[in-house]
Amino acid sequence: MATRIDKEACREAYNLVRDDTTDINWAAFKYDGPMIVPAGHGTDYADFKSQCSDDNRLFGFVRITTGDAMSKRAKFTLITWIGENVSGLQRAKISTDKTLVKDVVQNFAKEFMVSDMRELEEDYIRNELKKAGGANYDAQAE
């Protein structure tokens with residue numbers, strides 16, 4: 001059966017993360033049978049990480065604050081999590097299913113495809129976003 005997405009519910013979660021007036025900094029999207037639906041959202045990145053297990057696959061839209069002494073800014077990332085125990089067929093489907101998610105999650109600085117918990121560390125994600133962000137003035141004395 002072809003995968004579908006609950007666009008309205010997923011867009012609502014996506015907009016919560018993008019909204020500067022909320023503290024929400026992540027939203028997850030999971031599979032519910034052949035449908036991709038919101039799996040939750042929150043303010044603690046550790047809560048997002050706890051949804052990623054060896055037996056599931058999901059998508060995450062995450063806000064990370066980056067910057068340097070000169071400026072702070074929000075950067076967004078799309079994370080595709082594929083657990084170690086996910087079957088080969090489900091692994092193959094995730095790349096085509098991601099296009100459905102990208103119809104909703106359209107603005108992000110960097111995309112990650114992850115199956116190792118170490119690559120989900122917040123500092124690792126932040127450093128990768130910094131690299132993608134251009135100028136970094138952290139080395140300058142204040």
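The chain has the name Coactosin-like protein in an unreviewed UniProt entry, where Astyanax mexicanus is given as its organism. Under the UniProt heading Subcellular location (unreviewed entry), the entry covering the chain gives this text: "Cytoplasm, Cytoskeleton". The UniProt entry for the chain carries the following text under Sequence similarities (unreviewed entry): "Belongs to the actin-binding proteins ADF family. Coactosin subfamily."

A.B. asks: Explain the pairing of strand β4 (residues 57-67) residue by residue, including any values.
C.D. replies: Of all 11 residues making up β4, 10 are buried, and the element is well covered by its neighbours. Pairing of strand β2 (residues 26-32) with β4 involves 5 bridges; the strand directions are antiparallel. Across the sheet, the residue bridging to phenylalanine 29 is phenylalanine 59, located in β4. Examined bridge by bridge, β4 and strand β5 (residues 72-82) share 11 bridges and lie antiparallel to one another. Within β5, the position partnered with threonine 66 by the bridge is arginine 73.

A.B. asks: Any chance you could break down the sheet that holds β4 for me, citing the residues and the numbers?
C.D. replies: Here we have 6 strands laid out as an open sheet, ordered β1-β3-β2-β4-β5-β6, and mixed in their pairing. The open sheet has two free edges, formed respectively by β1 (4-5) and β6 (110-114), since each of these has just one partner strand.

A.B. asks: Residues and numbers for helix α3 (residues 88-104), please.
C.D. replies: Counted at 1.5 Å a residue, the expected span for α3 with its 17 residues is 24 Å, and the 26 Å between its end C-alpha atoms agrees. When the local axis directions of α3 are compared, the greatest deviation, roughly 40°, occurs at serine 95.

A.B. asks: Help me get a handle on the side chain of threonine 3, residues and values and all.
C.D. replies: Summarising the element assignment, threonine 3 is placed in the segment before β1. Residue threonine 3 is classed as buried on the basis of its relative accessible area, which comes to 13%. Polar contacts involving the side chain of threonine 3 include one to the side chain of lysine 93, which spans 2.8 Å. Side-chain polar atoms of threonine 3 contact the side chain of aspartate 97, separated by 3.2 Å. Sequence-distant contacts of threonine 3, defined by excluding residues within four places in its chain, comprise Tyr31, Pro34, Ile36, Lys93, Asp97 and Leu100.

A.B. asks: Give a description of the nonpolar core that names residues and reports values.
C.D. replies: Core analysis: the biggest nonpolar cluster contains 20 residues, and Phe29, Ile36, Phe59, Phe61, Val101 and Val105 have the highest contact counts within it. Secondary-structure elements contributing two or more residues to this core are α1 (7-18), β2, β4, β5 and α3. Among the elements that line this core, the one with the most residues is α1, at 4 residues. With 15 residues, the next largest nonpolar core counts Ala28, Tyr45, Cys52 and Ile125 among its residues.

A.B. asks: Explain the pattern of salt bridges to me, and be specific about the residues and the numbers.
C.D. replies: This structure, assessed with the given rule, holds 10 salt bridges. Residue glutamate 111 is joined to lysine 102 by a salt bridge in which the shortest nitrogen-to-oxygen separation is 2.9 Å. For glutamate 111, a relative accessible area of 28% corresponds to the partly exposed category. Note on lysine 102: relative accessible area 32%, which makes it partly exposed. Several salt bridges share partner residues, and in doing so they unite Lys98, Lys102 and Glu111 into one network.

Here is what the cut-offs are and how they apply
Residues numbered from 1 in each chain as written. Predicted model: local features only at pLDDT ≥ 70, side-chain atom pairs only at ≥ 80, totals over all residues. Heavy atoms only, no water. UniProt positions renumbered as here; feature names shortened; annotations may be inferred. Buried < 20%, exposed > 50% of the residue type's maximum accessible area, 1.4 Å probe, protein only. Helix = DSSP H or I, 4+ residues; strand = E, 2+ residues; numbered from the N terminus. Pairing = 2+ DSSP bridges. Expected span 1.5 Å × (residues − 1). Bend = angle between axes of the 7 residues up to and from the residue. Polar contact = N/O pair within 3.5 Å; in protein donor to acceptor, adjacent residues only side chain to side chain. Contact = heavy atoms within 4.5 Å. Core = buried A, V, L, I, M, F, W, Y, C linked by side-chain atoms within 4.5 Å. Salt bridge = Lys/Arg side-chain N within 4 Å of Asp/Glu carboxyl O.

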